[in-house]
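This is what each chain is made of:
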Amino acid sequence: QVQLVESGGGLVQPGGSLRLSCAASGIIFSIYTMGWYRQAPGSQRDLVAVVASGGSTKYADSVEDRFTISRDNAKNTVYLQMNSLKPEDTAVYYCNARRSVPGAENDLEHWGQGTLVTVSS
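Report follows, based on the coordinates. (Residues numbered from 1 in each chain as written. Predicted model: local features only at pLDDT ≥ 70, side-chain atom pairs only at ≥ 80, totals over all residues. Heavy atoms only, no water.)

Ranked by size, the top nonpolar core spans 29 residues in total, and within it M34, W36, V78, L80, M82 and Y93 carry the most contacts. If you list the elements that add at least two residues to this core, you get β3 (18-25), β4 (33-39), β5 (46-51), β7 (67-72), β8 (77-82), β9 (91-99) and β11 (115-119). With residues up to four places along the chain from it excluded, the contact list for L80 reads L18, R19, L20, W36, V48, A49, F67, T68, I69 and Y93. (Core = buried A, V, L, I, M, F, W, Y, C linked by side-chain atoms within 4.5 Å. Buried < 20%, exposed > 50% of the residue type's maximum accessible area, 1.4 Å probe, protein only. Helix = DSSP H or I, 4+ residues; strand = E, 2+ residues; numbered from the N terminus. Contact = heavy atoms within 4.5 Å.)

And the structure:
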């Protein structure tokens, strides 16, 4: 059974920092592209950052230079270090694991349950 368990969310003041973690089980973690997405109330779920199996990263423009995604394959865990947080970063943050399947049209994906990040004074 695949499980992605996020932790580290909470309430933080503007300008503060948080570190999210996502512990994966039930998958061969090292072959998956791992990502963080977020969804604010009334909005769609958007990409925040991804780290590929080889270590390359991609960020949404809105978080570039403030957020850092990293992975520890030995611990089956992906992290999101969030600095200089803004009120508009308030959202539920979801962990995603994705890999291509040979011969299949769509990738295989798994999602965590989400962790709430609230940036407010």
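This next bit is on the state of the cysteines. On inspection of all chains with the given rule, the structure shows one disulfide. C22 shares a disulfide with C95; S-S distance 2.1 Å. Judged by the torsion about the S-S bond (-80°), the C22/C95 disulfide is left-handed. Residue C22 is located in strand β3, and its partner C95 is located in strand β9; the two are separated by 73 residues in the primary sequence. (Disulfide = S-S within 2.5 Å.)

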